[in-house]
Amino acid sequence: MLIFRSKQFCVLVISACLISMPMMQSAGAAIISTETAIEMIERQDRIDHINEVLARESVRSTLIAFGVDPANASVRVDALTDTELQTLEQQLVQLPAGGVGFVEVVGIVAIVLVILELLHITNFFSEF
Amino acid sequence: MLTAWQQHGLAVGIIVLISGCASDIRNMLSGLEQQRGDIELIQTPFYPQVTDQCGPSALAAILNYSGVAVTPDALKARIYIPGRQGSLQIELLAATRGYGRMPYLIDTNISGLLGEVRAGRPVLVLQNLGSKRAPVWHYAVVVGYLADERQFILRSGDQKRHVTSASRFARTWQRAEYWGVLVLEPGELPASLDADKYIRSVAAVEAVGDVDSAVVGYGAATERWPEHSLAWLGLGNAYYAQGNLDSAESAYKTLLSMDSDHLIGLVNLSQVQIDRGCIEDAAATMDAAMYAANKDTPIYGIIQEARQEIELRSPSTACL
């Protein structure tokens, strides 16, 4: 199928589109007649495909390692765009994970106040 | 015990640290001068946050507001990561798409944020309640603003109506790079009309396979930005993915009526014509693509091969 997706503008992606043709339509296989071109494009497509599979598996296993239910992990990985998948593969451990609640914040503030007090930087508690 | 000198040094250090981002905050707060009138989206649901669950609580609130019946508990399975004790921004976006809504990242400033709230959409924001070095990440939902008091109103943690000063909110939001997201129904446009951003958001919906929503989204984009070629290309591609060849062809042709040399538009139109059995039309379209393409670029070779392939087909008597 020789349809270029809206976000796919680079030649590599165009190549990937072309190579998907033999699977979609028998006639498509003939579009690329130069042996060299076929090999180059197929190779690039294989690399892209393998990278994507590896990225999905990598993100999935990281999620599971972080305690996500394996069945949920598969659904969650499938819901990601390729760009999101790549970002998560590289940075799942470092990206901000919003989770804290106000109880925790109050607790952290209280600890900081106590430390400042103990270091005699503040004089907050002895005022009372 | 610290000496007076040490205390003095510490105080100076803290002031330097604070002023490091003060000008940024000042710029941002200056945007509040133009904000007149109070707004509060009191209908925004509230789910008191269970430990670590601000992501599911906040996302459930904005999804509910947009008409999606989902509970924080159901979202927990989609976005919570026990080992990180929280939820990632990317997964909030992915989960939103999973519920048939389009996540849209707001413009990263106060007027972008309040523009959406005033347009009637609560905005889910990421805040860093700690410091840059020791971040404490938190999701909350901005539901309103009090202009005279310069206060934001949030659904946050266990507080249904958390009122906080603009400067305090701005600091915590700035430390999270002003990240905020709202959810749109398919075809609904945000208050901030950024064509490229909107179309990219639709493309992400298309990429995860929701072509029906993508058709509606691109359709809205072509109505709002009728001269935006990418919107027409996306509309054609989404129709094609639906199997709607007539509409796909018409979208590509509109695109080409504005930009007759649009290579991707030409190649895709040619494919639709092949699918419909209009081989002569497909050949003419591909000729136009060959004529328009730069001979030194790899795409030229691809187009040339495709053109030769069309030549090998027997011209059909009638198009489908």
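**Remarks on the overall build of chain B**
Per the secondary structure count, chain B includes 14 helices and nine strands. Its C-alpha atoms give chain B a radius of gyration of 26 Å, more than 25% over the compact-globule value 20 Å for 320 residues. Counting only C-alpha atoms, chain B reaches 90 × 45 × 45 Å along its principal axes. Of all 320 residues assigned to chain B, the portion counted as buried reaches 45%. Taking the intrachain contacts of chain B between residues at least 6 apart in sequence as the baseline, contacts between residues at least 24 apart amount to 57%.

**Observations regarding the nonpolar core**
In terms of nonpolar packing, the biggest core is built from 104 residues, with Leu59(B) and Val141(B) touching the most fellow members. Leaving out residues up to four positions away in the same chain, Leu59(B) has contacts with Leu75(B), Ile79(B), Leu92(B), Ala95(B) and Leu124(B).

**Considerations on the environment of Met286(B)**
Here Met286(B) is to be found in helix H13 (residues 279-292). For Met286(B), the contacting residues outside a window of four places in its chain are Ser270(B), Ile303(B), Ala306(B), Arg307(B) and Ile310(B).

**A look at the domain arrangement of chain B**
Residues and elements named next belong to chain B. Its domain assignment divides chain B into domain 1 (27-184), domain 2 (193-255) and domain 3 (260-320). The gap between the C-alpha centroids of domain 1 and domain 2 is 29 Å. At the interface, five residues of domain 1 touch eight residues of domain 2. Examining the composition of the side of domain 1 that touches domain 2, we find that three residues originate from one element, strand S4 (residues 102-105), more than from any other. Residue composition of the side of domain 1 that touches domain 2, grouped by class: three nonpolar, one polar and one charged.

**Digging into the environment of His262(B)**
All names here are of chain B. Tracing the chain through its elements places His262 in the loop between helix H11 (245-258) and helix H12 (263-275). On the neighbour-count criterion, His262 (21 C-beta atoms within 10 Å) is buried. Look past the residues within four positions of His262 in its chain and what remains in contact with it is Ser229, Leu255 and Leu256.

**Some words on the sheet that holds strand S3 (residues 86-88) of chain B**
The sheet built from three strands is open, its strands ordered S1(A)-S3(B)-S2(B) with antiparallel pairing. Here the strands that pair on one side only, and so sit at the sheet edges, are strand S1 (97-98) of chain A together with strand S2 (80-81) of chain B. When S1(A) meets S3(B), the two strands line up antiparallel, connected through two bridges. The residue of S3(B) that forms the bridge with Gly98(A) is Ser87(B).

What counts and what doesn't
Residues numbered from 1 in each chain as written. Chains lettered and ligands numbered in written order. Predicted model: local features only at pLDDT ≥ 70, side-chain atom pairs only at ≥ 80, totals over all residues. Helix = DSSP H or I, 4+ residues; strand = E, 2+ residues; numbered from the N terminus. Rg over C-alpha atoms; globule rule 2.2 N^0.38 Å. Buried ≥ 20, exposed ≤ 12 C-beta atoms within 10 Å, placed from the backbone. Contact = placed C-beta atoms within 7 Å. Core = buried A, V, L, I, M, F, W, Y, C linked by C-beta atoms within 7 Å. Domains from an automatic or database assignment. Nonpolar A, V, L, I, M, F, W, Y, C, P; charged D, E, K, R; others polar. Pairing = 2+ DSSP bridges.

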